[in-house]
Each structure stands twice: as structure tokens, then as C-alpha cells.
Amino acid sequence: MNSRRDFLQKITAATIAFPFLKMAAHANNSLNQKPYEGPVLRVAIMGLGSYGTRVAEAMQDCTKAKLVGVISGTPSKIQTWQSKYGIPEKNCYNYENFDNIKSNPDIDAVYVITPNALHHDEVIRVAKAGKHVICEKPMSINASQGQEMIDACKKANVKLLVGYRMHFEPHTLEIIRMRNEGDFGKILFFQGLSGFTIGDPNQWRLNKKLSGGGAMMDIGIYSVNGSRYMIGEDPIWVTAEETKNDPVKFKEGVDETIQFQLGFPGGAVASCLSTYSMNNLDRFFLNGGGGFAELNPATGYGPIRGRTNKGELVAPIVTHQTVQMDEMADIILSGKKPIVPVDGEEALKDLKIIDAIYKAVKTPGKIKLDL
Ligand code: NAD
């Protein structure tokens, strides 16, 4: 398994499975390749917080996407970003006036990276302004809002994508390829562990009005979404149990720890943990009649590590947000179909499952899902 031949086979397989990695390698390693001359997606970021900052930095290495604008309520942040990224004054907006982006021909898309509960209204306003939208996860705080966002984007004839960066991550895609080729046999079990110990009790993530929930909305969603792309099916039922050890920090409607189980039509079961009270939880484990796959860490910023019953998984280490934004540019500008979808309908499925998980913690027995 550790022979050079096996290693080269894996590298070749990875290159076939991830043709975009040539471009990602170019971006990340500055390989001497012919400069890209195709269309470029011109993006404005809304919400210049910690994740917005990470995306902006990663976009400096993009080939097909470029940061050209900002939307923020803090003038000093706008100034800093303007000088760091060379953003012209005419591409800077605040939360009151960003509908004016409609008449700005130099911006193609807005990437919404604000607290969860704001996504719904902001995405709909961006759609009405005629711009494509990339929205962070969770797309919104419930399925009915998610449906309204999808409808608004359809009506405005703009694309709606959700920031599922793991859908472009090479180790993840390699496991999906192996599963599709039958390497693990009939898939029977998935375990997803997603959690961290949350700090400052005053942050928006612990304020239901802004977060829409607790750990499930923020980190548990990785196991919800991951169970679907790892198993390769959509679940048909859910059961869930909630544990709350700190009701002061985790107020009514802000979940601390939820264990949930999902049943899949092919017979597989997923058993998952979502928590804001434990660290070292970022692991996916997929088991089938013929083998297993593990990602550990599975969804952090990287490097992602994986192994299967055949040995260590060899796949390129990339900056997730760089690859995501270049791939999203291709999806928006050239209609490229990703291996795992990242559109509003994909995100709506996760919201329907999360709605059902919240219902299931209050209801004994299985809640049926119709995705
Ligand atoms: P953050 O608190 O660091 O940033 C949020 C930004 O929104 C801040 O700049 C804040 O000023 C702005 N904002 C606008 N209106 C606000 C309001 N009414 N109240 C509070 N803040 C307001 O949060 P973050 O970690 O950047 O998360 C933002 C979004 O990105 C969330 O939806 C989160 O789930 C998502 N996220 C995704 C990933 C990922 O890996 N895909 C990682 C982190 C966060």
C-alpha cells in the first residue's frame, strides 16, 4: 500500500477526479503556467467579520474570482479593506444603500457572510438588485425562509450558491469517488462528530435572534450535510436527543448538544453529534460491507486528513476558500456542474433536516423526511 506505484496511482486518480486542481495548484504554488484569460467573477463581500476576512485573503490566490467590492456597516473596516485590496470607492456600500448595487456594472455577485438570521433578507435584497448570490451556511434559519430565498433568486434570474467549501475539498471528493466506484461495498453506517467549545457568551452565535439556534445551525450542519455527501443519499427519517448542561449560556432555543440519527433509503444509518461544549470533534467515518473511510479532521480549514481500509488517503492540500471561489466562478459564469451541488436546493435539504431535528428533540420516535 505504501509502494511508490500505489502512491503514483493515487496521484493520477486525484488529478483525474479533480481537474480543477491544476488550477488550484497554480493558485497555491505559483506553478509556471499560461496565465488565465477567461471570464472572472467580480465579487463584493457583505460582512467583513472573521470568515469574510478569511475568504478575502484566500481570494487573492483565485484565478477566476476577484474581490472588487464590500458591504459593511463599519466605515473604518471599509477603508482598511479598500487599501488592502484596492477596492474603489464606487464599489463600497453599507447595509442601508446596498440595493444601489443594481446600477453597478462592475460587480457580478455578492457573497453574504453575516450572522445566520440576516441571510434571508440580505440575499433577497441582493437578488432584487440583479446580482448573483453566494451565501454562507446555514443558508437561513429554517426551510421556509430558504424556500423564499430560492424563489426570489429564480424570479430575479440570478444564481444562488451556498458556501459549502467541503464540496470542493480533494480528500472528500476522493472518498466520494471511491464510494461511487464501490470500493466500500454497500454503505451501512456513517458517524459525524461536529463540535467545539464556544467562548464569549455575548457573541451573536449564542443569540437566537441572530443565530437561529445553537451548535446545530453553526457546526452540527457539517454532520448533517456530510452525512448526505458521504453516504450519497438523502435521509428519509430522523430521531434526535438534546442535552443541555449550561442553561445560562445556552438559553431557550440555543442548542448546546444534540445527538441525531438519520435513516437513508438504501438502509444506511447516520449517527451524529453536534455540540458547543466539547473540543476535538471533527471526524467523519463511513462504513460499508467492503471497507471504510475516515476523515479526521473532516471539515476544519485544513489540512484535511483521510484514510480508508486501503491505507492513507493521498490528495492535494488546498486552501478551501480559494478553490471554492474559483469553482463557484465556473458554476456562475460557465454553468459548470459541481460533483456535489452547492445551490440553494442543496442547502434547503439541510434546513429541512435541521427543522426536523429540532422537532425530533421534542418528539419521541422517528420524524419522516421528504426532501
Ligand atoms: P463574525 O461575527 O466574525 O462576522 C460577522 C460580520 O457580520 C461582522 O463583520 C459584523 O459586523 C457583521 N454584521 C452585520 N450585521 C450585523 C448584526 N446585525 N449583528 C452582528 N453582526 C453583524 O462571524 P463569522 O464567523 O464571520 O460568521 C459569519 C457567517 O459565516 C455565519 O453565517 C457563519 O455560519 C458563516 N461561517 C462559515 C464558515 C465556513 O467555513 N463556511 C466559517 C465561519 C463562519
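Before reading further, recall that the structure is shown in the block above.
Residues numbered from 1 in each chain as written. Predicted model: local features only at pLDDT ≥ 70, side-chain atom pairs only at ≥ 80, totals over all residues. Heavy atoms only, no water.

## Quick word on the overall build of the protein chain
Working step 1: Along the backbone of the protein chain there are eleven helices and 15 strands.
Working step 2: Relative to the 2.2 N^0.38 estimate, which gives 21 Å for 371 residues, the radius of gyration of the protein chain is 21 Å and therefore close to what a compact globule would have.
Working step 3: Oriented by its inertia axes, the alpha-carbon framework of the protein chain measures out at about 60 × 55 × 40 Å.
Working step 4: Residues counted as buried form 54% of the 371 residues belonging to the protein chain.
Working step 5: Within the structure as shown, the protein chain displays about 16,100 Å² of accessible surface, and the carbon and sulfur contribution to it stands at 52%.
Working step 6: Put simply, the protein chain has 43 plus and 40 minus side-chain charges, and the middle of one group is 2 Å from the middle of the other. (Helix = DSSP H or I, 4+ residues; strand = E, 2+ residues; numbered from the N terminus. Rg over C-alpha atoms; globule rule 2.2 N^0.38 Å. Buried < 20%, exposed > 50% of the residue type's maximum accessible area, 1.4 Å probe, protein only. Areas by Shrake-Rupley, 256 points an atom, 1.4 Å probe, with all protein chains shown as cover. Lys, Arg positive; Asp, Glu negative; His and termini not counted. Charge placed at Lys NZ, Arg CZ, Asp CG, Glu CD.)

## Regarding the site of the ligand
Working step 1: Surrounding the ligand, one finds 22 residues, the nearest of these being Ser50, Asn116, Lys137, Arg165 and Trp204.
Working step 2: Between the ligand and Lys137, the relevant distance is 2.8 Å, taken from an oxygen atom to a main-chain nitrogen or oxygen of the residue.
Working step 3: Relative to its free-state accessible area of 840 Å², the ligand is covered by the protein chains to the extent of 79%.
Working step 4: For the shell around the ligand, the class distribution of residues is ten nonpolar, six polar and six charged.
Working step 5: Inspection of the shell around the ligand shows a minimum of three residues originating in each of domain 1 (7-164) and domain 2 (166-315 + 344-368). (Near = heavy atom within 4 Å. Polar contact = N/O pair within 3.5 Å; in protein donor to acceptor, adjacent residues only side chain to side chain. Nonpolar A, V, L, I, M, F, W, Y, C, P; charged D, E, K, R; others polar. Domains from an automatic or database assignment.)

## Examining the pairing of strand E1 (residues 41-46)
Working step 1: Taken across its six residues, E1 has five buried, putting it largely inside the fold.
Working step 2: Relative to strand E2 (residues 65-71), E1 runs parallel, the two being bridged by six bridges. Its bridge partner being in E2, Ile45 is matched across the sheet by Val70.
Working step 3: A crossover links E1 with its parallel partner E2, the connecting element being helix H3 (residues 50-59), and its sense is right-handed.
Working step 4: Inspection of the sheet shows E1 paired to strand E4 (residues 109-112) by four bridges, in the parallel sense. Of the residues in E4, the one forming a bridge with Ile45 is Tyr111. (Pairing = 2+ DSSP bridges. Right-handed = clockwise from strand over helix to strand, strands pointing away.)

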